[in-house]
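Residues per chain are reported as follows:
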Amino acid sequence: MVLSDRDIKIELAGGRITLDPLDPELIQPASIDLRLGSDFRVFRNSSHVAIDPQIHQPDLTEEVTVGGEDAFVLHPGQFALGTTLERIGLPDDVLGKLEGKSSLGRLGLMIHSTAGYVDPGWDGQVTLELSNVANLPILLRPGMRIGQISFERMSSPVERPYGCAELHSHYQGQLGATAARPLGSIRRP
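Keep in mind that this is a model prediction, so the values were computed, not measured. (Residues numbered from 1 in each chain as written. Predicted model: local features only at pLDDT ≥ 70, side-chain atom pairs only at ≥ 80, totals over all residues. Heavy atoms only, no water.)

Student: Explain the overall build of the chain here, please?
Tutor: Per the secondary structure count, the chain includes two helices and twelve strands. Along the chain direction, N to C, the helices and strands of the chain fall in the order α-β-β-β-β-β-β-β-α-β-β-β-β-β. Computed over C-alpha atoms, the radius of gyration of the chain comes to 17 Å, within 12% of the 16 Å expected from 2.2 N^0.38 for 189 residues, which places it in the range of a compact globule. Along the three orthogonal principal directions, the C-alpha set of the chain runs to about 50 × 50 × 25 Å. Expressed as a percentage of its 189 residues, the buried residues of the chain come to 38%. A gap of 3 Å separates the mean positions of the 17 positive and 24 negative side-chain charges of the chain. (Helix = DSSP H or I, 4+ residues; strand = E, 2+ residues; numbered from the N terminus. Rg over C-alpha atoms; globule rule 2.2 N^0.38 Å. Buried < 20%, exposed > 50% of the residue type's maximum accessible area, 1.4 Å probe, protein only. Lys, Arg positive; Asp, Glu negative; His and termini not counted. Charge placed at Lys NZ, Arg CZ, Asp CG, Glu CD.)

Dropping the structure here:
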């Protein structure tokens, strides 16, 4: 069941869902608007011939920080990582679903390729997978409303929330735009 604004406020007041910083003005009827942080990661396509998801490539991306009134320019066809301004924490019986803002989608901005799911037990800033499918550059300014997160209550608390030791959760506690971590070896039958 998707939480209404009333239930979101109850969960926030009880500390079960956390958003830091929290601006109550960002609470929508069935979601909370999230703002863009100032950290981005861009691919170093001039020094790599390929991306190998199985190995650690620490220099595959480089960090870009945008300050003041400056904007990050996302060019047509470009893919970059960004981050939410807000740090989000979820209990073991609530999951989050991240979606873009329709106003930005109508301009050609996608904020996630596949990672729109925020697992029960999650804690950290959410890394955004930013793509410009328009034919003009898009200016992204830190602090702008970039997406929205809705919440669903699980049928029961999960047995192994994100971040528990046996899951080896890659991104628990992440801050800033976080590059991909290796998937590990492929197991063949």
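Next comes the rest of the description.
Student: I'm lost on the packing of aromatic side chains in this one. Help?
Tutor: Two aromatic rings are characterised by how far apart their centres lie and by the angle between their planes. Enumeration according to the criterion identifies three aromatic pairs in this entry. Ring geometry for F40 and F72: centres 4.2 Å apart, planes at 5 degrees, overall stacked. Of this pair, F40 sits in strand β3 (residues 39-43) while F72 sits in strand β5 (residues 72-74), and the two are 32 residues apart along the sequence. (Phe/Tyr/Trp six-rings, centres within 6.5 Å; stacked < 30°, edge-to-face > 60°.)

Student: Quick question: what am I supposed to make of the sheet that holds strand β2 (residues 32-35) here?
Tutor: Picture the strands of a sheet paired through backbone hydrogen bonds; they go either parallel or antiparallel. Pairing is antiparallel across the open sheet formed by four strands, whose spatial order is β2-β12-β7-β9. Edge strands, defined here as strands with exactly one partner in the open sheet, are β2 and β9 (117-118). Here two bridges tie strand β7 (residues 94-100) to β9, and the two strands are oriented antiparallel to one another. Directly across from K97, in β9, lies its bridge partner Y117. (Pairing = 2+ DSSP bridges.)

Student: Would you mind showing me how to read the UniProt feature "active site" (unreviewed entry) in the chain here?
Tutor: The residues that UniProt annotates with the feature "active site" (unreviewed entry) are E129. Mapped onto the secondary structure, E129 falls in strand β10 (residues 123-132). Filtering out sequence-adjacent residues up to four positions away, E129 remains in contact with F79, A80, L81, M110, I111, H112, S113, T114 and A115. (UniProt positions renumbered as here; feature names shortened; annotations may be inferred. Contact = heavy atoms within 4.5 Å.)

Student: Can you walk me through unusual backbone geometry in this structure?
Tutor: Where the residue is not glycine, phi is negative for most of them; where a peptide bond is considered, it is trans in most cases. A cis amide bond, omega 0 degrees, links D20 with the succeeding residue P21. Relative to the helices and strands, P21 is located in the loop between β1 (18-20) and β2.

Student: Please explain the nonpolar core as it appears in this structure.
Tutor: One broad trend across soluble globular proteins is that nonpolar side chains are buried collectively. If you look at the biggest cluster of nonpolar residues, it comprises 34 residues, and the most contacted ones within it are I32, L140 and F151. Every residue in contact with F151, bar those within four places of it in the chain, is listed here: M1, V2, L3, I8, I17, I32, L90, V94, L95 and G96. (Core = buried A, V, L, I, M, F, W, Y, C linked by side-chain atoms within 4.5 Å.)

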